[in-house]
Amino acid sequence: MSSTPGPRTGPLTIGERLELLRRQRDLSRRALAEQVGRSEEWLRLVESGNKPLDSIAVIFRLAEALHIKDLRELIALPPQLAPASVQAGDDLAESLKHSIIDHPPIRGTGLDTESIDDLTGRLHRCQNIWEHSPARYSELAEFLPPVVTAARIRYSLTHDDKSGNVLLHGYHLSRRFLTRVGAHHLAYTAADRATMVAEQTQDPGQLAACAWHTGNGMLGLAQAQECHDYAIAAAQRLAEAADSTDRTVLIGALRLLAAKGAAAAGNVAESNRLTVAATQVANQFDCDHTVYGIPFGPTEALIARLEIMLWGGNCEQAAELAARQQVPDAHPVGGRMRFHLAGAYACARRNDYAGASSALGKAADVCPEDFRYGSDTQSTLQYLIKQGNRLVRPEVHELARVAGLR
């Protein structure tokens, strides 16, 4: 294990952040403490978490000594919670805003409906784009909003199960898309609207799927403990339903989500317990299964473990796991991107800039658009570029240029 403390993408203590920044500036404790007018022992206690850093004046002096222009560097948000860093992602989110927020009759949208078969076919096309297209952001921004609007119109007129099912999945696909571009409040709204539709059916599986999306929305809004509690409650409720493969898949996915919430909230023991239990179940499957659009199985559990390690601050272990494993090319684009980005962030945080550059290159091969529109992709790229290390490859600088970050 490296002597450098393991930075994490989930909440770090102020002391851990401070030690990481100090080491990056190649400063000893004594040198930094002297610059801010405190003792070396005081700084040791702060970095170890045994003394709070509760003085604004000292924080300003630390920021000056560490050459930090933005005080948020000391309490930086992880990539999963960081807002989109360029206007491009905001513009794509705007394309879905009216479809989710507006009620068609109020805005005066025409109430002519298309056949349920045509609407279902268009939704399947959108799902295919999101799972497999390297241009999934721009294509989905074009094709998904009219599908959601049409589904809302049809459901408002008929309230039949087929229309409700299309609308439900349209909302869920919107939530995924909006979370990726960093529009977390709108993503949560889409998840909540889906739950309102599912409540009409009282189908346990649909309600569990809605809970999974709502929990992800909570995590995007930095409501880590709420995410954990909500996912656990949903899993417990679903456990009362009849045993089936679908139930196993949904409960497993909810537990992995709860593990992320626990890790982000700093509850390492609970996160480890949930991760181990869910992974054991996932590894009983030969391949990943998808229920109501939610994947669970060996590959998804692997990706989730990497993300949970990062939330828990285990960058060393995450980098080693990513180097040993790989995700099948047939796995959906989103999962492969998450795997490579987790590996890139883990390598960058342990100062392995060559490894981080390599992982980002693999991510670019999977979905180049992610570097322009994906908020956590941009955050990882920004962190790597900020280091200014000679081992950061020229291709990474080119990706930053394409993403609008340089």
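Bear in mind that the values here come from a model prediction, so they are computed numbers and not experimental data. All residue numbers refer to position in the chain's written sequence, counted from 1. Given that this is a predicted model, residues contribute local features only at a pLDDT of at least 70 and side-chain atom pairs are listed and counted only at 80 or more, while totals for whole chains, interfaces and linings are drawn from all residues. To obtain the side-chain values, all non-hydrogen atoms of the structure were used and water was disregarded.

## Structural notes on the overall build of the protein chain
Secondary structure elements follow DSSP: runs of H or I no shorter than four residues count as helices, runs of E no shorter than two count as strands, and numbering proceeds from the N terminus. Assigned secondary structure in the protein chain consists of 21 helices and two strands. Going through the 406 residues of the protein chain one by one, you find that 53% of them count as buried. Pairs at least 24 residues apart make up 67% of the contacts formed inside the protein chain by residues separated by at least 6 positions. The rule is simple: take the accessible area with a 1.4 Å probe, protein chains only, and divide by the maximum for that residue type; under 20% is buried, over 50% is exposed, in between is partly exposed. Residue contacts are counted whenever heavy atoms from the two residues lie within 4.5 Å of one another.

## Some points on the environment of isoleucine 294
Within the fold, isoleucine 294 resides in strand β2 (residues 294-296). Sequence separation between isoleucine 294 and leucine 250 is 44 residues; the distance between their C-alpha atoms is 7.4 Å. Not counting chain neighbours up to four residues away, the residues in contact with isoleucine 294 comprise Arg176, Ala209, Trp212, His213, Val249, Leu250, Ala253 and His289.

## Quick word on the pattern of salt bridges
The working definition used for a salt bridge is a side-chain nitrogen of Lys or Arg within 4 Å of a carboxyl oxygen of Asp or Glu. Counted by the stated rule, this structure contains 13 salt bridges. Between aspartate 376 and arginine 180 there is a salt bridge, with its nearest N and O atoms 2.7 Å apart. One end of the pair, aspartate 376, is in helix α20 (residues 375-386); the other, arginine 180, is in helix α9 (residues 161-180), with 196 residues separating them in the sequence. Arginine 180 gets classed as buried once you look at its relative accessible area, which sits at 12%. Between lysine 260 and glutamate 307 there is a salt bridge, with its nearest N and O atoms 2.6 Å apart. Note that lysine 260 is positioned in helix α13 (residues 245-264) and glutamate 307 in helix α15 (residues 298-311), a separation of 47 residues in sequence. As far as burial versus exposure is concerned, lysine 260 and glutamate 307 are alike and both buried.

## Quick look at the nonpolar core
The criterion is simple. A nonpolar core is a set of buried Ala, Val, Leu, Ile, Met, Phe, Trp, Tyr and Cys residues joined through side-chain atoms within 4.5 Å. Counting 71 residues, the largest nonpolar core has Tyr137, Leu140, Phe177 and Leu178 as its most contacted members. Here leucine 140 is in contact with Cys126, Ile129, Trp130, Pro145, Leu173 and Phe177, once residues within four sequence places are set aside. With 35 residues, the next largest nonpolar core counts Ala209, Trp212, Leu238 and Ala263 among its residues.

## Here's the deal with the packing of helix α17 (residues 333-349) against helix α18 (residues 353-366)
Axis angles are defined between N-to-C directions and span 0 to 180 degrees, where every axis is a line fitted to C-alpha atoms and, for a helix, only to the segment in contact. The contact between α17 and α18 brings their axes to 7 Å, and the two run at 165 degrees. If you check the angle between α17 and α18, you find them roughly antiparallel. The element α17 and its partner α18 pack so that their crossing is left-handed. Contacts between α17 and α18 involve Val333, Arg336, Met337, His340, Leu341, Gly343, Ala344, Cys347 and Ala348 from the first element and Tyr353, Gly355, Ala356, Ala359, Leu360, Lys362, Ala363 and Val366 from the second. Grouping the amino acids of the contact of α17 with α18 by side-chain chemistry returns twelve nonpolar, three polar and two charged. Throughout, the term roughly parallel applies to angles under 35 degrees, roughly antiparallel to angles over 145, roughly perpendicular to angles from 65 to 115, and oblique to all others. Crossing handedness follows the turn of the near helix against the far one: under a right angle anticlockwise gives a left-handed crossing, and clockwise gives a right-handed one. Classification convention: Asp, Glu, Lys, Arg as charged; Ala, Val, Leu, Ile, Met, Phe, Trp, Tyr, Cys, Pro as nonpolar; all other residues, Gly among them, as polar.

## Some remarks on the confidence of the model for the protein chain
Mean pLDDT over the protein chain stands at 84; residues scoring 70 or higher make up 82%. Of the regions scoring below 50 in pLDDT, residues 1-12 engages in 35 contacts with residues more than four places distant in sequence or in other chains. Note: pLDDT gives the predictor's confidence per residue, expressed from 0 to 100. Below a pLDDT of 50 lies the segment residues 75-86, which in the model reaches 39 contacts outside its immediate sequence neighbourhood of four places, other chains included.

## Quick look at helix α3 (residues 40-47)
What α3 keeps buried is the set Trp42, Leu43, Val46 and Glu47. The buried residues of α3 all sit within an arc of 130 degrees when viewed along its axis, so they share a single face. Positive phi shows up at glycine 49, right after α3, with a value of about 85 degrees. Taking the helix axis as origin, the arc is that swept by the directions to the C-beta atoms.

## Thoughts on the packing of helix α11 (residues 204-220) against helix α12 (residues 224-238)
The geometry of α11 relative to α12 is characterised by a closest axis approach of 8 Å and an angle of 170 degrees between their N-to-C directions. Looking at the two axes, α11 sits roughly antiparallel to α12. Contacts between α11 and α12 involve Pro204, Gly205, Leu207, Ala208, Ala211, Thr214, Gly215, Met218 and Leu219 on the former and, on the latter, Ala224, Glu226, Cys227, Tyr230, Ala234, Arg237 and Leu238. Here the residues of the contact of α11 with α12 are counted per class, giving eleven nonpolar, three polar and two charged.

## Quick notes on the packing of aromatic side chains
Each Phe, Tyr or Trp ring (for Trp, its six-membered ring) is paired with any other whose centre lies within 6.5 Å, and the angle between the two planes then decides the class: stacked below 30 degrees, edge-to-face above 60, tilted in between. Taken as a whole, this structure holds five aromatic pairs when the rule is applied. For the pair tyrosine 137 and phenylalanine 177, a centre-to-centre distance of 6.2 Å together with 45 degrees between the ring planes defines the contact as tilted. On the criterion of sequence distance, the pair formed by tyrosine 137 in helix α8 (residues 136-158) and phenylalanine 177 in helix α9 is long-range, its members being 40 residues apart. Judged by relative accessible area, tyrosine 137 falls into the buried class, the value being 0%. For phenylalanine 177, a relative accessible area of 1% corresponds to the buried category. Ring plane angle 35 degrees and centroid distance 5.8 Å describe the contact between tyrosine 137 and tyrosine 373, whose orientation is recorded as tilted.

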